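# Inside the fold
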Amino acid sequence: FKIFCGNANRPLAQEIVSYLGVPLGEAKIKRFQDGETCLAIDESVRGSDIYVVQPTCYPTNDNIMELLIMIDAIRRASARRITAVMPYYGYARQERKSKARDPITAKLMANLITTAGADRVVTMDLHAPAIQGFFDIPLDHLPGVPILAEYFREKGLENLCVVSPDLGGVTRARNLAERIGATLAIIDKRRPEPNVSEIMHVIGELKGKTVIMIDDIIDTAGTITQGAQALLERGAKEVYACCTHPVLSGPAIERLKNSVIRELVVTNTIPLGLEKTIPIIKVLSVA
Ligand code: R5P
(Lines give C-alpha, C1' and ligand atoms only; values in the text may rest on other atoms or scores of the structure.)
Protein backbone atom coordinates (compact mmCIF):
# COMPACT_ATOMS: atom_id res chain seq x y z
CA PHE A 1 0.00 0.00 0.00
CA LYS A 2 1.00 3.64 -0.44
CA ILE A 3 -0.14 6.81 1.32
CA PHE A 4 -0.44 10.16 -0.43
CA CYS A 5 -1.76 13.48 0.78
CA GLY A 6 -2.94 16.80 -0.56
CA ASN A 7 -2.23 20.16 1.08
CA ALA A 8 -5.13 20.08 3.56
CA ASN A 9 -3.34 18.45 6.50
CA ARG A 10 0.23 17.42 5.60
CA PRO A 11 1.37 17.22 9.28
CA LEU A 12 -1.31 14.58 10.01
CA ALA A 13 -0.30 12.56 6.92
CA GLN A 14 3.34 12.77 8.07
CA GLU A 15 2.35 11.47 11.51
CA ILE A 16 0.40 8.58 9.97
CA VAL A 17 3.29 7.47 7.75
CA SER A 18 5.83 7.69 10.56
CA TYR A 19 3.50 5.66 12.82
CA LEU A 20 3.33 3.01 10.07
CA GLY A 21 7.03 3.28 9.21
CA VAL A 22 6.46 3.93 5.49
CA PRO A 23 7.40 6.92 3.31
CA LEU A 24 4.81 9.44 2.17
CA GLY A 25 3.97 9.01 -1.54
CA GLU A 26 5.72 11.45 -3.88
CA ALA A 27 3.19 13.98 -5.16
CA LYS A 28 3.22 17.71 -5.80
CA ILE A 29 0.15 19.89 -5.78
CA LYS A 30 0.51 23.48 -6.89
CA ARG A 31 -1.62 26.15 -8.49
CA PHE A 32 -1.49 27.29 -12.09
CA GLN A 33 -1.40 31.07 -12.60
CA ASP A 34 -5.18 31.14 -13.07
CA GLY A 35 -5.82 29.31 -9.77
CA GLU A 36 -6.50 25.86 -11.22
CA THR A 37 -4.98 22.91 -9.34
CA CYS A 38 -1.84 21.38 -10.87
CA LEU A 39 -1.02 17.84 -9.73
CA ALA A 40 1.94 15.54 -10.35
CA ILE A 41 2.08 12.00 -8.87
CA ASP A 42 5.81 11.28 -9.00
CA GLU A 43 5.84 7.52 -8.40
CA SER A 44 4.05 4.47 -9.76
CA VAL A 45 0.76 3.46 -8.16
CA ARG A 46 -0.03 0.64 -10.62
CA GLY A 47 -1.70 -2.29 -8.85
CA SER A 48 -1.27 -0.66 -5.40
CA ASP A 49 -3.69 -0.11 -2.55
CA ILE A 50 -3.68 3.72 -2.26
CA TYR A 51 -4.75 5.93 0.65
CA VAL A 52 -5.23 9.67 0.06
CA VAL A 53 -5.20 11.66 3.32
CA GLN A 54 -7.16 14.85 2.72
CA PRO A 55 -9.68 16.31 5.20
CA THR A 56 -11.93 18.74 3.36
CA CYS A 57 -11.42 21.58 5.81
CA TYR A 58 -10.74 25.27 5.08
CA PRO A 59 -10.10 26.27 2.28
CA THR A 60 -12.86 23.73 1.76
CA ASN A 61 -13.54 24.09 -1.95
CA ASP A 62 -9.83 24.00 -2.85
CA ASN A 63 -9.27 20.97 -0.66
CA ILE A 64 -12.22 19.15 -2.21
CA MET A 65 -10.87 19.76 -5.71
CA GLU A 66 -7.41 18.56 -4.65
CA LEU A 67 -8.95 15.36 -3.29
CA LEU A 68 -11.01 14.72 -6.43
CA ILE A 69 -8.11 15.46 -8.78
CA MET A 70 -5.76 13.17 -6.82
CA ILE A 71 -8.28 10.32 -6.87
CA ASP A 72 -8.82 10.85 -10.60
CA ALA A 73 -5.09 10.78 -11.35
CA ILE A 74 -4.48 7.72 -9.19
CA ARG A 75 -7.40 5.82 -10.75
CA ARG A 76 -6.16 6.62 -14.27
CA ALA A 77 -2.70 5.40 -13.19
CA SER A 78 -4.20 1.91 -12.55
CA ALA A 79 -4.22 1.74 -8.75
CA ARG A 80 -5.88 -1.44 -7.45
CA ARG A 81 -7.96 0.28 -4.76
CA ILE A 82 -8.30 3.92 -3.61
CA THR A 83 -9.35 4.95 -0.10
CA ALA A 84 -10.19 8.60 0.58
CA VAL A 85 -9.08 9.31 4.16
CA MET A 86 -11.08 12.38 5.13
CA PRO A 87 -10.81 12.81 8.91
CA TYR A 88 -13.00 15.93 8.52
CA TYR A 89 -15.85 15.79 5.99
CA GLY A 90 -16.60 19.36 4.85
CA TYR A 91 -20.22 20.31 4.11
CA ALA A 92 -21.46 17.63 6.55
CA ARG A 93 -23.80 20.22 8.08
CA GLN A 94 -25.58 20.59 4.74
CA GLU A 95 -27.05 17.11 4.82
CA ARG A 96 -30.76 17.86 4.38
CA LYS A 97 -33.13 20.48 3.05
CA SER A 98 -34.11 22.59 6.04
CA LYS A 99 -35.99 25.06 3.86
CA ALA A 100 -37.30 25.13 0.32
CA ARG A 101 -34.70 25.12 -2.49
CA ASP A 102 -31.76 24.22 -0.16
CA PRO A 103 -29.00 22.10 -1.73
CA ILE A 104 -27.86 18.85 -0.06
CA THR A 105 -24.16 19.48 -0.46
CA ALA A 106 -23.06 16.57 1.76
CA LYS A 107 -24.70 14.23 -0.77
CA LEU A 108 -23.18 16.09 -3.72
CA MET A 109 -19.77 15.54 -2.07
CA ALA A 110 -20.47 11.81 -1.81
CA ASN A 111 -21.41 11.68 -5.51
CA LEU A 112 -18.25 13.55 -6.53
CA ILE A 113 -15.91 11.40 -4.43
CA THR A 114 -17.46 8.20 -5.79
CA THR A 115 -17.46 9.40 -9.40
CA ALA A 116 -13.82 10.48 -9.13
CA GLY A 117 -12.99 6.83 -8.37
CA ALA A 118 -12.76 6.24 -4.61
CA ASP A 119 -13.46 2.63 -3.60
CA ARG A 120 -13.71 3.37 0.11
CA VAL A 121 -13.90 6.31 2.52
CA VAL A 122 -12.53 6.67 6.05
CA THR A 123 -13.90 9.58 8.05
CA MET A 124 -14.49 10.71 11.64
CA ASP A 125 -17.47 12.03 13.55
CA LEU A 126 -19.74 12.95 10.67
CA HIS A 127 -22.04 15.73 11.82
CA ALA A 128 -24.96 13.49 10.78
CA PRO A 129 -24.16 9.75 10.85
CA ALA A 130 -26.77 9.19 8.11
CA ILE A 131 -24.25 10.65 5.63
CA GLN A 132 -22.77 7.13 5.63
CA GLY A 133 -25.80 6.14 3.56
CA PHE A 134 -25.06 8.84 0.95
CA PHE A 135 -22.29 6.51 -0.28
CA ASP A 136 -22.76 3.22 -2.12
CA ILE A 137 -19.14 2.30 -1.39
CA PRO A 138 -17.89 1.16 2.05
CA LEU A 139 -17.34 3.95 4.56
CA ASP A 140 -15.54 3.60 7.90
CA HIS A 141 -16.93 6.07 10.43
CA LEU A 142 -14.52 6.48 13.35
CA PRO A 143 -15.36 8.24 16.63
CA GLY A 144 -13.04 10.76 18.33
CA VAL A 145 -14.52 9.96 21.76
CA PRO A 146 -12.06 7.17 22.71
CA ILE A 147 -9.09 9.56 22.28
CA LEU A 148 -10.82 12.37 24.19
CA ALA A 149 -11.95 9.98 26.94
CA GLU A 150 -8.43 8.67 27.46
CA TYR A 151 -7.11 12.21 27.87
CA PHE A 152 -9.75 13.15 30.47
CA ARG A 153 -9.34 9.82 32.32
CA GLU A 154 -5.61 10.45 32.65
CA LYS A 155 -6.27 13.96 33.97
CA GLY A 156 -7.98 12.39 36.98
CA LEU A 157 -10.81 14.95 37.29
CA GLU A 158 -13.55 14.15 39.82
CA ASN A 159 -17.30 14.69 40.20
CA LEU A 160 -17.72 14.93 36.43
CA CYS A 161 -20.72 15.73 34.26
CA VAL A 162 -20.55 15.53 30.45
CA VAL A 163 -22.77 18.05 28.67
CA SER A 164 -24.07 17.91 25.13
CA PRO A 165 -24.47 21.46 23.78
CA ASP A 166 -27.50 20.39 21.74
CA LEU A 167 -30.01 17.55 21.39
CA GLY A 168 -28.24 16.18 18.29
CA GLY A 169 -25.05 15.46 20.27
CA VAL A 170 -26.58 13.40 23.10
CA THR A 171 -25.36 9.98 21.88
CA ARG A 172 -21.77 11.26 21.61
CA ALA A 173 -21.96 12.88 25.07
CA ARG A 174 -23.40 9.70 26.62
CA ASN A 175 -20.57 7.69 25.06
CA LEU A 176 -17.97 10.00 26.65
CA ALA A 177 -19.83 10.04 29.99
CA GLU A 178 -19.90 6.22 30.13
CA ARG A 179 -16.20 5.97 29.35
CA ILE A 180 -15.11 8.40 32.09
CA GLY A 181 -17.75 7.59 34.73
CA ALA A 182 -19.57 10.94 34.50
CA THR A 183 -23.23 11.96 34.70
CA LEU A 184 -24.95 13.50 31.65
CA ALA A 185 -26.68 16.84 31.02
CA ILE A 186 -28.09 18.41 27.87
CA ILE A 187 -28.41 22.00 26.68
CA ASP A 188 -31.59 22.85 24.82
CA LYS A 189 -30.18 25.13 22.09
CA ARG A 190 -32.05 26.91 19.29
CA ARG A 191 -30.54 28.33 16.12
CA PRO A 192 -32.58 31.36 15.01
CA GLU A 193 -30.22 31.80 12.01
CA PRO A 194 -26.97 30.21 10.73
CA ASN A 195 -23.97 30.80 13.05
CA VAL A 196 -26.22 32.22 15.83
CA SER A 197 -27.21 30.04 18.81
CA GLU A 198 -29.51 30.69 21.76
CA ILE A 199 -29.61 28.67 24.97
CA MET A 200 -33.09 27.87 26.25
CA HIS A 201 -32.73 25.36 29.13
CA VAL A 202 -30.25 22.94 30.65
CA ILE A 203 -31.57 19.45 31.41
CA GLY A 204 -29.62 17.71 34.20
CA GLU A 205 -27.91 18.33 37.55
CA LEU A 206 -24.79 20.57 37.49
CA LYS A 207 -24.34 21.86 41.07
CA GLY A 208 -20.66 21.67 42.07
CA LYS A 209 -19.78 19.51 39.06
CA THR A 210 -16.72 19.72 36.86
CA VAL A 211 -18.32 19.88 33.45
CA ILE A 212 -16.98 18.67 30.09
CA MET A 213 -18.90 19.92 27.06
CA ILE A 214 -18.47 17.81 23.95
CA ASP A 215 -19.36 18.72 20.36
CA ASP A 216 -18.47 17.25 16.96
CA ILE A 217 -17.48 20.63 15.48
CA ILE A 218 -16.51 23.94 17.05
CA ASP A 219 -16.89 26.50 14.29
CA THR A 220 -17.45 30.12 15.38
CA ALA A 221 -17.34 28.88 19.02
CA GLY A 222 -20.68 30.56 19.78
CA THR A 223 -22.32 27.33 20.91
CA ILE A 224 -19.51 26.24 23.21
CA THR A 225 -18.63 29.63 24.79
CA GLN A 226 -22.26 30.59 25.46
CA GLY A 227 -22.91 27.09 26.73
CA ALA A 228 -19.96 27.28 29.13
CA GLN A 229 -21.22 30.59 30.54
CA ALA A 230 -24.74 29.20 31.00
CA LEU A 231 -23.40 26.11 32.80
CA LEU A 232 -21.40 28.19 35.30
CA GLU A 233 -24.46 30.39 35.92
CA ARG A 234 -26.42 27.21 36.68
CA GLY A 235 -23.98 26.00 39.35
CA ALA A 236 -21.17 24.14 37.55
CA LYS A 237 -17.80 24.42 39.33
CA GLU A 238 -15.63 24.64 36.20
CA VAL A 239 -16.02 23.96 32.50
CA TYR A 240 -13.83 22.03 30.09
CA ALA A 241 -14.75 21.62 26.44
CA CYS A 242 -13.76 19.21 23.70
CA CYS A 243 -14.51 18.41 20.09
CA THR A 244 -13.21 16.31 17.24
CA HIS A 245 -13.13 19.00 14.54
CA PRO A 246 -11.73 22.46 15.47
CA VAL A 247 -12.99 24.49 12.50
CA LEU A 248 -12.50 27.71 14.52
CA SER A 249 -13.61 30.24 11.94
CA GLY A 250 -14.41 33.98 12.18
CA PRO A 251 -14.69 35.16 15.82
CA ALA A 252 -13.84 31.75 17.33
CA ILE A 253 -10.38 32.56 18.70
CA GLU A 254 -11.48 35.89 20.18
CA ARG A 255 -14.49 34.21 21.81
CA LEU A 256 -12.36 31.41 23.23
CA LYS A 257 -9.79 33.86 24.61
CA ASN A 258 -12.58 35.71 26.43
CA SER A 259 -14.47 32.61 27.54
CA VAL A 260 -14.79 30.90 30.91
CA ILE A 261 -13.60 27.60 29.41
CA ARG A 262 -10.66 26.26 31.39
CA GLU A 263 -9.30 24.01 28.65
CA LEU A 264 -10.45 23.14 25.14
CA VAL A 265 -9.33 19.72 23.93
CA VAL A 266 -9.48 19.14 20.17
CA THR A 267 -8.02 16.67 17.68
CA ASN A 268 -5.87 17.29 14.64
CA THR A 269 -8.40 16.26 11.98
CA ILE A 270 -8.09 19.94 10.99
CA PRO A 271 -4.68 21.63 11.32
CA LEU A 272 -4.60 24.68 13.58
CA GLY A 273 -2.59 27.52 12.10
CA LEU A 274 -0.22 29.38 14.43
CA GLU A 275 -2.77 32.16 14.84
CA LYS A 276 -5.14 29.62 16.36
CA THR A 277 -2.80 28.07 18.91
CA ILE A 278 -3.87 29.76 22.15
CA PRO A 279 -2.94 28.49 25.64
CA ILE A 280 -6.31 26.93 26.51
CA ILE A 281 -6.25 24.68 23.41
CA LYS A 282 -4.80 21.18 23.75
CA VAL A 283 -4.47 19.15 20.53
CA LEU A 284 -4.64 15.33 20.53
CA SER A 285 -3.58 13.28 17.52
CA VAL A 286 -5.86 10.96 15.57
CA ALA A 287 -2.92 9.66 13.50
C1 R5P B 1 -24.04 21.89 15.03
O2 R5P B 1 -25.09 21.47 15.43
C3 R5P B 1 -22.70 21.34 15.43
O4 R5P B 1 -22.82 20.15 16.14
C5 R5P B 1 -21.94 22.36 16.26
O6 R5P B 1 -22.62 22.55 17.49
C7 R5P B 1 -21.85 23.67 15.54
O8 R5P B 1 -21.36 23.49 14.23
C9 R5P B 1 -20.95 24.62 16.30
O10 R5P B 1 -20.99 25.86 15.65
P11 R5P B 1 -20.48 27.19 16.34
O12 R5P B 1 -19.15 26.88 16.97
O13 R5P B 1 -20.37 28.16 15.18
O14 R5P B 1 -21.51 27.61 17.34
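Read on for an overview of the structure. From a predicted model like this one, the values you see are computed outputs, not experimental measurements.

Bringing the pattern of salt bridges into the picture now. For side chains of opposite charge, pairing can occur when their charged atoms come near one another. Applying the stated criterion across every chain yields a total of 16 salt bridges. Glu43 serves as the salt-bridge partner of Lys2, at 3.1 Å between the closest nitrogen and oxygen. With Lys2 in strand β1 (residues 2–5) and Glu43 in the loop between β3 (37–41) and β4 (49–53), the pair connects residues that are 41 residues apart, well separated along the chain. Lys155 is the salt-bridge partner of Glu263, the closest N and O atoms lying 2.9 Å from each other. Of this pair, Glu263 sits in strand β13 (residues 263–267) while Lys155 sits in helix α4 (residues 145–155), and the two are 108 residues apart along the sequence. Judged by relative accessible area, Glu263 falls into the buried class, the value being 13%. A relative accessible area of 33% places Lys155 in the partly exposed class. Within the structure, one salt-bridge network assembled from shared partners comprises Arg31, Asp62 and Glu66.

A word on the packing of helix α2 (residues 60–76) against helix α3 (residues 105–116). It is at 8 Å that the axes of α2 and α3 come closest, and there the two elements cross at 25°. In this view, α2 runs roughly parallel relative to α3, as classed from their interaxial angle. On α3, the residues touching Ile64, Leu67, Leu68, Ile71, Asp72 and Arg75 of α2 are Met109, Leu112, Ile113 and Ala116. Its residues assigned to classes, the contact of α2 with α3 shows eight nonpolar, no polar and two charged.

The next subject is the site of the ligand. Around the ligand, a shell composed of 15 residues is seen, among which Asp215, Asp216, Thr220, Ala221 and Thr223 lie nearest. One nitrogen or oxygen atom from the side chain of Asp215 is found 2.6 Å from an oxygen atom belonging to the ligand. At a separation of 2.6 Å, an oxygen atom of the ligand approaches a polar side-chain atom of Asp216. Taken by itself the ligand offers 380 Å² of open surface, and the protein chains cover 92% of this. Among the secondary structure elements, those contributing two or more residues to the shell around the ligand are β9 (183–193), β11 (210–218) and α6 (222–233). The biggest single contributor to the shell around the ligand is β11, with four residues. Among the residues making up the shell around the ligand, the classes are represented as three nonpolar, five polar and seven charged.

Basis of the calculations
Here the residue numbering is sequential within each chain, running from 1 through the sequence in written order. With the structure being a predicted model, the display of local features is reserved for residues of pLDDT at least 70 and the display and counting of side-chain atom pairs for 80 or more, all residues being used for whole-chain, interface and lining totals. Side-chain calculation: all heavy atoms of the structure are included, whereas hydrogens and water are not. By salt bridge we mean one thing: a side-chain nitrogen of Lys or Arg within 4 Å of a carboxyl oxygen of Asp or Glu. Numbering goes from the N terminus for both helices and strands, where a helix is a DSSP run of H or I of at least four residues and a strand is a run of E of at least two. Each residue gets one of three labels from its accessible area relative to the maximum for its type: buried under 20%, exposed over 50%, partly exposed in between, using a 1.4 Å probe on protein chains only. For helices, the axis comes from a line fit to the C-alpha atoms of the stretch in contact; other axes are also lines fit to C-alpha atoms, and the angle between any two N-to-C directions lies between 0 and 180 degrees. Angles below 35 degrees are treated as roughly parallel, those above 145 as roughly antiparallel, those between 65 and 115 as roughly perpendicular, and all remaining angles as oblique. Between two residues, a contact is recorded if the distance between any of their heavy atoms is within 4.5 Å. Lys, Arg, Asp and Glu make up the charged group, whereas Ala, Val, Leu, Ile, Met, Phe, Trp, Tyr, Cys and Pro make up the nonpolar group; the residues left over, Gly among them, are polar. Neighbouring residues are identified by heavy atoms, a residue being near a molecule or strand if any of them is within 4 Å of it. N or O atoms closer than or at 3.5 Å make up a polar contact, with two conditions inside protein: a donor-capable atom paired with an acceptor-capable one, and, for residues adjacent in sequence, both atoms drawn from side chains. The Shrake-Rupley method, run with a 1.4 Å probe sphere, supplies the accessible areas, and residue values consider only the shown protein chains as cover.

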